[in-house]
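A look at the structure
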Amino acid sequence: MRIALVDYGAGNLASVLKAFRALGADVHLVSDVSGLAGARGIVVPGVGHFSATASLGHDWRGAIREALDAGIPLLGICVGLQWLFEGSTEAPGSPGLGLIRGRCFRLEGDDVKVPHVGWNQLDLADRRSRLFAGIASGSSAYFTHSYAAPVVDETIATTTHAVPFSSAVERDLVFGVQFHPEKSGRTGLRVLENFLHVVREGR
Amino acid sequence: MLAKRLIACLDVRDGSVVKGVNFKGLRNAGDPAELAARYNEEGIDELTVLDVTATLEGRRALIDTIRRVSEKLFIPLAVGGGIRSMDDARAIIEAGADKVSINSAALAQPSLITALARTYGSQAVIVAIDAKREGDRYEVFGRSGTTRDRREAVEWAREAADRGAGEILLTSIDRDGTRSGFDCELTAAVSTAVPIPVIASGGAGTPEHFLDVFSAGRADAALAASIFHFSEHAVRDLKHYLAEHGVPMRLDW
């Protein structure tokens, strides 16, 4: 059960690889779109600037949309979640994948520091989520980001730093988390495990 | 609400943990991977491995230590000490670190901050500042507190943030190893001057010291070593104490 971890040059993927491997997943770094062939699950990670997602051009978008249509689950992490939306004010020239309506925005507020770095709480929405199975509302997760996604219909968890934002989204086979599950202790590993479960189960 | 972070620092030399008092007088306090696992179980929010040797043999041992420490650790891991170049940083990140902490190299070559931030993102770049009170100024020192720099701590922190640092690790040389409390004035001066998180370090001795640095000191995180290593106050006791006194803490782990 091959999981493709998309490597588009957005920083350090060692921790994500390590976490999936600790859970027994057959995860592979994929830096060319042809590497998606045969994958049963796709993970788009990302730290740093939204503009890095510009490397995920037409070919990647097409292949990822086709995979979704074929029933392959997709998980976006951090900038990977933001990329599921239409775009971000961080890089107005780089469109997102557009699977979820809305644009990401810069976190701002008088009494908070940006970037938002550290452990914050996940306030779970009152609806069924496969990604958060077995996870209690109020659980802590590790964040490090300056931009965030708006709260939308697909939001399954919100977190507040100056303003509430989407700390996780889910719709059918599309999943995204703003926090770093690979750095969020037991809660984070459970999220990754749940994603692997979806991969195994399929739609 | 964003929790205040407790960070355990493992001062490592040739693969084992030591703790300097005022940067001198080292004593052995255990295996880094074992200590890391114990802290993780106790609910520490983050770990920092500080290489206090930075000799060639020591650096090879460090890479192995990072691999061992990070193997089963799923909380953030920062590594500092002797990082001089992009190559040094790459080796450490590839071994499993999430963040690198640079001090003397940032003073000597501030453009390294920006280069690291461009390659790995600001979240991976900590600029460590060792400061000593001189009259009403805070002077910056490099090379493990031995060499006086010309810069002033608050100004240098601002510059580091402008250049792309994601966090500041601020150590009071006056307090380090004394267990007499963090320098809350220094910490508040830097923390209110920069938009990025500030980690206070140097002087932790009692739970009250942490409460002070998170309130009066305006710290976003606090780092300590010996207070954690010798179990005078277990991490979980400290977290519960702080939570009871109104400091937002992560209590589920």
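Right, let's talk about the side chain of His116(A) for a bit. Looking at the secondary structure, you find His116(A) in strand 7 (residues 116-121). Among the polar contacts made by the side chain of His116(A), one reaches the side chain of Asn120(A) at a distance of 3.1 Å. Once residues lying within four places of it in the same chain are set aside, the contact partners of His116(A) are Leu107(A), Phe143(A), Thr144(A), His145(A), Thr159(A), His161(A), Phe165(A) and Leu2(B).

Residues and elements named next belong to chain B. Here chain B averages 90 in pLDDT, while 94% of its residues score no lower than 70. Counting interchain partners and residues more than four positions distant, the pLDDT-below-50 stretch residues 20-29 has 28 contacts. Reported confidence for the predicted complex is 0.93 by ipTM and 0.94 by pTM.

Across the boundary between the two partners, chain B contributes 33 residues, which contact 30 residues of chain A. Roughly 2,300 Å² is buried in total at the junction of chain B and chain A, and carbon and sulfur atoms are behind 54% of that figure. Its largest share of buried area at the contact with chain A, chain B owes to Leu2(B), Phe74(B) and Gln123(B), together 29% of the area lost on that side. Linking chain B to chain A there are 2 salt bridges. For the side of chain B that touches chain A, the class distribution of residues is 16 nonpolar, 7 polar and 10 charged.

Residue and element names in this part refer to chain B. Burial of strand 6 (residues 125-134) is extensive: 7 of the 10 residues sit out of reach of the surface. In this structure, strand 5 (residues 99-102) lies alongside strand 6, joined through 3 bridges in parallel fashion. If you follow Ser101 over to strand 6, its bridge partner there is Ile126. Pairing geometry for strand 6 and strand 9 (residues 167-172), over 6 bridges, is parallel. Bridge assignment links Ala131 to a residue of strand 9, and that residue is Ser172. Direction of pairing for strand 6 relative to strand 7 (residues 137-142): antiparallel, over a ladder of 5 bridges. The residue of strand 7 that forms the bridge with Lys132 is Glu139. Counting the residues in the hairpin turn of strand 6 and strand 7 gives 2 residues, including Gly135, whose phi is positive at 65°.

This part takes up the layout of surface pockets. Roughly 690 Å³ of volume is contained in the second largest pocket. Forming the walls of the second largest pocket are 36 residues, and the residues nearest its centre are Gly48(A), His49(A), Glu90(A), Ser146(A) and Ser122(B). Only helix 3 (79-83) and strand 9 (140-145) of chain A together with helix 5 (111-120) and helix 6 (153-162) of chain B provide two or more residues apiece to the lining of the second largest pocket. Examining the composition of the lining of the second largest pocket, we find that 4 residues originate from one element, helix 5 of chain B, more than from any other. Across the lining of the second largest pocket, the residue classes tally to 15 nonpolar, 15 polar and 6 charged.

A word on the sheet that holds strand 3 (residues 41-44) of chain A. All names here are of chain A. The mixed open sheet is built from 8 strands, whose spatial order is 2-1-3-4-13-12-11-8. The open sheet has two edge strands with one neighbour each: strand 2 (26-30) and strand 8 (123-124). Taken together, the 3 bridges between strand 3 and strand 4 (residues 74-77) define a ladder with parallel strand orientation. What sits directly across from Val44, in strand 4, is Gly76.

Here is what the cut-offs are and how they apply
Residues numbered from 1 in each chain as written. Chains lettered and ligands numbered in written order. Predicted model: local features only at pLDDT ≥ 70, side-chain atom pairs only at ≥ 80, totals over all residues. Heavy atoms only, no water. Helix = DSSP H or I, 4+ residues; strand = E, 2+ residues; numbered from the N terminus. Polar contact = N/O pair within 3.5 Å; in protein donor to acceptor, adjacent residues only side chain to side chain. Contact = heavy atoms within 4.5 Å. pLDDT = per-residue confidence, 0-100. Buried area = accessible area lost by both parts, 1.4 Å probe. Salt bridge = Lys/Arg side-chain N within 4 Å of Asp/Glu carboxyl O. Nonpolar A, V, L, I, M, F, W, Y, C, P; charged D, E, K, R; others polar. Buried < 20%, exposed > 50% of the residue type's maximum accessible area, 1.4 Å probe, protein only. Pairing = 2+ DSSP bridges. 1 Å grid on protein atoms, 1.4 Å probe; cavity = no way out; pocket = protein on both sides within 12 Å on 5 of 7 lines; lining within 4 Å. Points joined across faces, edges and corners; volume = space filled by probe spheres on them.

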